[in-house]
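Here's the letter readout for the chains.
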Amino acid sequence: MRRIKEYCGLFGAYNTSDASLLTFLGLYSLQHRGEESCGIISFDGTTFNAHLGMGLVSEVFDAEQIAKLKGHQAIGHVRYSTTGSSALRNAQPLFVDSNKLPLALAHNGNLINSKELRESLEGKGAIFQTTSDSELILHLIMRSKEKSTEGKIIEALKKIKGAFSLVLMTKDEVMGIRDPMGFRPLCIGKKDESLFVASESCALDLIGAQRIREVEPGEIVIINKNGLRSVKYTEPKKKYAFCAFEHVYFSRPDSMVFGETVHLVREKLGRQLAFEHPAKADIVIGVPDSGTSAALGFARESGLPFEVGIIRNHYIGRTFIQPQQEKREFGVKLKFNILKEVVKGKRIVVVDDSIVRGTTSRIRVRSFRDMGAKEVHLRISCPPHRFGCFYGIDFPDPKKLIANEKTTKEIEAYLGVDSLGYLSLEGMLKCFKHPASSYCNACWSGDYPVKIKCADKFVLERVKK
Ligand code: SF4
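Residues numbered from 1 in each chain as written. Predicted model: local features only at pLDDT ≥ 70, side-chain atom pairs only at ≥ 80, totals over all residues.

Undergrad: Is there a simple way to explain helix α5 (residues 134-143) in this structure?
TA: Side chains of residues three or four places apart in an α-helix project in the same direction, reflecting 3.6 residues per turn. Burial within α5 is extensive, with 7 of its 10 residues counted as buried. If you follow the buried residues of α5, they end up packed against β5 (94-96), β6 (103-111), α4 (114-123) and α6 (149-159). (Buried ≥ 20, exposed ≤ 12 C-beta atoms within 10 Å, placed from the backbone. Helix = DSSP H or I, 4+ residues; strand = E, 2+ residues; numbered from the N terminus. Contact = placed C-beta atoms within 7 Å.)

Laid out in structure tokens, this is it:
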């Protein structure tokens, strides 16, 4: 029961006899980026081999399946549906079985001009198999009149708008591509003579590959028998739009994203939070997992002891059936348990990464009180969320975001905390490595770096299956 869902995770392997196994492991590390479906496509010199399914990587793949995905190159995808429903037909990688250019594609992000593109392509006779925006990219590539594969891809990239990190595979190449604003992360790794692309560096760590660098915004990295080649398909931008929420919440703390280790960024956010909103308390507790690093920073900055006060259960299956009564409350208890002996009789600071609707936070605060906490001071390591995301993150309807309904004082009263403090936008942005103008912060500020025309996640969906 995650409050805000991630979008997708990508992985690609080139020139290794274990391409599918390493892709499986890469996806395993990227599971937090999408839990609904996953897939791997490999190429063995003659045939493209595919296996895709609904569920977690460990549920969809076993040793037998992986052994069938033969070849020295493979790409993989974990998905949460940010556009299109979560049906199997929308699982990725997508594949075009064409004599001229057989092509597999995996996409992370969200196109903001998908409706216009789909209408235009359908007007020209295109037939779509999925309701996801990613398929549009394949259609645009296949319809291009350019002669070279590179030319076709560049022509397609110039027609799409929004957030996209892509991993593509042809018969002899694996490619990593980032949109011109760089919304979503994508990095390159190397191990001996093999090259890899991955959404986050934690996937490279697991397979023992060295992270070389990020795919740059507006860059195509082409990996083939000649090694690695870079093609810039747009003019360099003055402004980028790295998703700030990757640092606050989405990415794994052990990943290096946008040039920084996520754990260390979160620790800085916690320090800044302590500076902006100090609290008179006995201990500091982080809400696992993404609140932990910020809590550590808060504790260090304020000189208060950091304590483990909440234990998270990581083993909740997707199909867990909850009792109907008090469903929500039970769901929170199922996932988090509070250490009574740690909080009893104490004034506690609880550091969390965000408040969305407020329901979960409210239940948790009540549990702290039930366990005997004397005072509960809640600190949030980013500003209040007031706007939706159209670049690949699934926020609830902005009307349901608590910060749109209530002032901070009212939220404080609703949650039943002794005090509440959000990190300021300026404070958050100054904890990052790059200048503030390099980050998207639209879900807090409403300042969208790429103009939005259509906000409907299911805009391409006509027949729900
Ligand atoms: S709106 Fe928020 S979640 Fe979406 S890309 Fe921008 S910073 Fe990230």
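Still more ground to cover, so stick around.
Undergrad: Sorry, what's going on with the sheet that holds strand β23 (residues 419-422) here?
TA: Where strands meet in a sheet, backbone hydrogen bonds hold them as pairs that are either parallel or antiparallel. Ordered by their spatial adjacency, 5 strands build an open sheet running β18-β17-β21-β22-β23, and the pairing between neighbours is parallel. Strands at the two margins of the open sheet, each flanked by one partner only, are β18 (306-307) and β23. One ladder, built from 4 bridges, connects strand β17 (residues 283-286) with strand β21 (residues 347-352); its direction is parallel. Bridged to Ile-283 within β21 is Ile-348. Taken strand by strand, helix α13 (residues 359-370) contacts β21 and β22 (375-380), and its axis lies near 150° from that of β22. (Pairing = 2+ DSSP bridges. Axes fitted to C-alpha atoms, helices over the stretch in contact; angles between N-to-C directions.)

Undergrad: Got a minute to help me understand the domain arrangement of the chain in this structure?
TA: Reports of interface size often rely on the accessible area that becomes lost once the parts have come together. According to the domain assignment, the chain contains domain 1 (8-241) and domain 2 (256-445). Summarising the inter-unit geometry, the C-alpha centres of domain 1 and domain 2 are found 33 Å apart. Mapped by element, the contributors of at least two residues to the side of domain 1 that touches domain 2 are β6, β7 (162-169) and β11 (210-214). Broken down by element, the side of domain 1 that touches domain 2 gets its largest block of residues, 3 residues, from β6. Among the residues forming the side of domain 1 that touches domain 2, the class breakdown is 7 nonpolar, 7 polar and 6 charged. (Domains from an automatic or database assignment. Nonpolar A, V, L, I, M, F, W, Y, C, P; charged D, E, K, R; others polar.)

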